[in-house]
Amino acid sequence: MRSEMESGLISVDRWRSGSQAYFLTHMHSDHTRGLSGEWSQGPLYCSRTTASLFPSRFPGFDLSLLRVVPLSSWRSLSLRSPSSGSAVRLHFMAIDAHHCPGSVMFMFRGDFGCFLYTGDFRWERDDVAADEARTTLAGAISEFPVDILYLDNTYCNPIYSFPSRQVAAHLVADIIASHPRHDIIIGIDSLGKEELLLLVSRILNLKIWVWPERLRTMHLLGFQDVFTTDTTRTRVRAVPRYSFSIQTLEGLNLACPTIGIMPSGLPWVKRDEATLSASLLTQKASQAAAVHRFHEYMYSVHYSDHSCYGEIGELIQLVKPKSMKGIVVSSSCYVDPLYYFGRICGASQPPELLPLRPDTTTEQFRAVRIKSFSER
């Protein structure tokens, strides 16, 4: 089998013209840049949950372009070679990426070989959804070994080790419970961290305020009873991450005692800064994660919807690809996955460990991260 795909066949998370079919891994904005209500380049394949978000995210989008892909089963697509005009048969499978609602990996196979494009993913140990996805992938690669793995390398560095999202949710709940007289604000994005909010709500038996647009998204995702836009019904509010700052918290504290919590995989503070007293945490949780109080009014909790270094290594060890490429190159923590895991692919000489070049432009980043499989 050849290990490259002809130009002009498919694109994944890339929305320029020139392909015959388009695939969307999930609805985060860095993967949909270029999509709009007017986009009409061709059929677009995605999960059912992602498809349900299109009308609210892209008003006016032609929904007849959407092709809902079920999980864990092979599908086929007939394309045509732009160079020869002959028929090309593409087989593909969507696998739960467990990153945010609707997120999937795509596995592609055909005469060109077999590729796995993870998109963004988090497969935690001892997680039922992740275990099912691993079983699906293991069965697929037993028949069709992966030639190239396109990997979510956001945290592909040994310094990143996160607790499970369930443990992190308990840490957030502990902070809230330890401040019974405070209002609480939690910084989140427009999609993602629903699992965190649901667990906190369940642990503390309370509702959580979200802004109106976010409430509509929650209802589309099937979460009807946990969230509210009525500030009188709860002291816990989930607010847009972009509106979350120390200055905002200082202003809020002029009116009412308020604590902010930022759940993030990124290091908000240096490792030698003081951590939250273990008396506020359960013993098990305090051993599993760091909670940093880096301002009088603000905590950060290590919570990530991306896999940490150890989980990335487990996926690579499972797949054992012949080659792999990181899909994220515009990151302060960027590392070429071949540097740490190239030996699994049989690389004799790992690449040099270099930070991202300062002259790398956003457009170059998009072209590298989400270009179609035809360009090698």
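Nothing here was measured: the structure is a model prediction, and the numbers come from that model.

Q: How do you make sense of the overall build of the protein chain when you look at a structure like this?
A: Within the protein chain, the regular secondary structure consists of eleven helices and 17 strands. Burial statistics for the protein chain: of 376 residues in total, 53% are counted as buried. In the protein chain, of all internal contacts separated by at least 6 residues, the share reaching a separation of at least 24 is 66%. Entry remark: accessible area of the protein chain is about 17000 Å², with carbon and sulfur atoms responsible for 51%.

Q: Can you walk me through helix α4 (residues 165-177) in this structure?
A: In an α-helix there are 3.6 residues to a turn, and that puts residues three or four apart on one side. Look at α4: 18 Å from first C-alpha to last across 13 residues, which is about the 18 Å you get at 1.5 Å a residue. Within α4, ten of the 13 residues are buried, which leaves it mostly tucked inside the rest of the structure. Those residues of α4 lying buried are Arg165, Val167, Ala168, Ala169, Leu171, Val172, Ala173, Asp174, Ile175 and Ile176.

Q: Hey, could you run me through the pairing of strand β5 (residues 75-80) in this one?
A: For a regular strand, side chains alternate in direction, first toward one face of the sheet and then toward the other. As paired elements, β5 and strand β6 (residues 87-96) share six bridges and run antiparallel to each other. If you follow Leu79 over to β6, its bridge partner there is Val88. Between β5 and β6, which pair antiparallel in sequence order, lie six residues; one of them, Gly85, sits at a positive phi of approximately 80°.

Q: Explain the packing of helix α3 (residues 128-143) against helix α9 (residues 309-319) to me, please; I cannot follow it from the model alone.
A: For any two helices packed against each other, one specifies the inter-axial angle together with the distance between the axes. At a minimum axis distance of 10 Å, the contact between α3 and α9 shows a crossing angle of 30°. In this view, α3 runs roughly parallel relative to α9, as classed from their interaxial angle. In this structure, α3 uses Arg134, Leu137, Ala138 and Ile141 to contact α9, whose residues at the interface are Leu315, Leu318 and Val319. In terms of residue class, the contact of α3 with α9 is made up of six nonpolar, no polar and one charged.

Q: Quick question: what am I supposed to make of the nonpolar core here?
A: One recurring pattern in soluble globular proteins is that nonpolar side chains are buried together. In this structure, Ile186 and Ile261 are the most contacted members of the largest nonpolar core, which totals 37 residues. Within the residue set of this core, elements represented by two or more residues are α4, β10 (183-188), α5 (194-204), β11 (208-209), α6 (212-220), β13 (236-240), β14 (258-264) and β16 (298-302). Not counting residues within four places of it along the chain, the set of residues in contact with Ile261 comprises Val172, Ile175, Ile176, Ile184, Ile185, Ile186, Gly187, Phe244, Tyr299 and Val301. Core analysis: the next-biggest nonpolar cluster, separate from the first, contains 30 residues, Phe121, Ile141, Leu338 and Ile344 among them.

Q: Would you take a moment to explain the sheet that holds strand β1 (residues 10-12) for this structure?
A: The pairing of strands in a sheet comes from backbone hydrogen bonds and takes either a parallel or an antiparallel form. An order of β1-β2-β3-β4 is seen for the four strands of this open sheet, with the pairing classed as parallel. Each end of this open sheet is capped by a strand with a single partner; those strands are β1 and β4 (66-68). Pairwise comparison of adjacent strand axes, ignoring direction, gives a mean angle of 25° for this sheet. Pairing between strand β3 (residues 44-46) and β4: three bridges, direction parallel. Bridge pairing in β4 places Cys46 opposite Val68. Along the sheet, helix α2 (residues 48-57) makes contact with β3 and β4, crossing β3 at roughly 125°.

Q: Would you take a moment to explain the confidence of the model for the protein chain for this structure?
A: Parts of the prediction with low pLDDT should not have their coordinates interpreted in detail. Confidence in the prediction for the protein chain averages 85 pLDDT; 84% of positions are at 70 or higher. Here residues 269-289 is a poorly scored stretch, pLDDT under 50, and it has 27 contacts once near neighbours within four places are set aside; other chains count. Predicted confidence is poor over residues 355-376, with pLDDT under 50, and the contacts of this stretch with residues over four places away or in other chains come to 45 contacts.

Q: Where do I start with the pairing of β10 in this structure?
A: For β10, the buried fraction is high: five of the six residues fall into the buried class. Judged from the four bridges that link them, β10 and β14 form a sheet pairing that is parallel. The partner of Asp183 across the bridge, within β14, is Thr258.

Q: What's the story with unusual backbone geometry in this structure? I'm lost.
A: Backbone phi values are negative for most residues with the exception of glycine, while trans is the configuration of most peptide bonds. At Asp13, a position not held by glycine, the phi torsion is positive, near 55°. Tracing the backbone through its elements, the reader meets Asp13 in the loop between β1 and β2 (21-23). We classify Asp13 as buried; its relative accessible area is 0%. The phi torsion at Asp126 lies on the positive side, around 60°, for a residue other than glycine.

Q: Would you mind going over α3 with me for this structure?
A: Between its first and last C-alpha, α3 extends 24 Å over 16 residues, near the 22 Å set by a 1.5 Å rise per residue. Taken residue by residue, α3 has Ala130, Ala133, Leu137, Ala140 and Ile141 as its buried positions. For α3, the angular spread of the buried residues around the axis is 90°, confining them to a single face. Exposed residues pointing more than 90 degrees away from the buried face of α3 are listed as Val128, Glu132, Thr135, Ser142 and Glu143. Where α3 is buried, its residues contact β6, β7 (104-110), β8 (113-117) and α9. Taking the backbone nitrogen of Ala129 as reference, a side-chain oxygen 3.1 Å away marks Asp127 as the first, capping residue of α3.

Q: So what exactly am I meant to see when it comes to the packing of aromatic side chains here?
A: Two numbers describe a pair of aromatic rings. These are the distance of the centres and the angle of the planes. Inspection of the entire model under this criterion finds 23 aromatic pairs. Consider the rings of Phe23 and Tyr45, whose centres lie 5.0 Å apart with planes at 20°: the pair is stacked. Highlighted residues: Phe23 in strand β2 and Tyr45 in strand β3, separated in sequence by 22 residues. With respect to burial, Phe23 and Tyr45 carry one shared label: buried.

Cut-offs used in this document
- The numbers attached to residues start from 1 for each chain and follow its sequence in the written order.
- Since the coordinates come from a predicted model, pLDDT governs what is reported: local features require at least 70, and pairs of side-chain atoms require 80 or more to be given and counted, while whole-chain, interface and lining totals use all residues.
- Excluding hydrogens and water, the side-chain values take into account all heavy atoms of the structure.
- We count a stretch as a helix when DSSP gives it H or I for four or more residues in a row; a strand needs E for two or more, and each element gets its number in order from the N terminus.
- Burial status follows relative accessibility: with a 1.4 Å probe on protein chains alone, a residue under 20% of its type maximum counts as buried, one over 50% as exposed, and anything between as partly exposed.
- We call two residues contacting when some pair of their heavy atoms lies within 4.5 Å.
- Shrake-Rupley sampling with a 1.4 Å probe provides the accessible areas, and residues are treated as covered by the protein chains on show and by no other component.
- Given a helix with a known number of residues, its expected span is that number minus one, times 1.5 Å.
- One bridge is not enough; two strands pair if DSSP finds at least two bridges between them.
- Lines are fitted to the C-alpha atoms to define the axes, a helix being fitted only along its stretch in contact, and any angle between axes, read from their N-to-C directions, falls within 0 to 180 degrees.
- To sort the angles, those under 35 degrees are grouped as roughly parallel, those over 145 as roughly antiparallel, those from 65 to 115 as roughly perpendicular, and the leftovers as oblique.
- Following the grouping adopted for this structure description, the nonpolar residues are Ala, Val, Leu, Ile, Met, Phe, Trp, Tyr, Cys and Pro, the charged ones are Asp, Glu, Lys and Arg, and the polar ones are all others, Gly among them.
- Nine residue types can take part in a nonpolar core, namely buried Ala, Val, Leu, Ile, Met, Phe, Trp, Tyr and Cys, and a core is a set of them joined through side-chain atoms within 4.5 Å.
- The predictor attaches a confidence to each residue, and that confidence, scored 0 to 100, is pLDDT.
- Our arc is simply the arc of the directions from the helix axis toward the C-beta atoms.
- Definition of a polar contact: a pair of N or O atoms within 3.5 Å, with one able to donate and the other able to accept a hydrogen when the atoms are protein atoms, and with sequence-neighbouring residues admitted only if both atoms are side-chain atoms.
- Pairs were defined over the aromatic rings of Phe, Tyr and Trp, the Trp ring being its six-membered one, requiring ring centres within 6.5 Å. Orientation was assigned from the angle between planes: stacked under 30 degrees, edge-to-face over 60, tilted for the rest.

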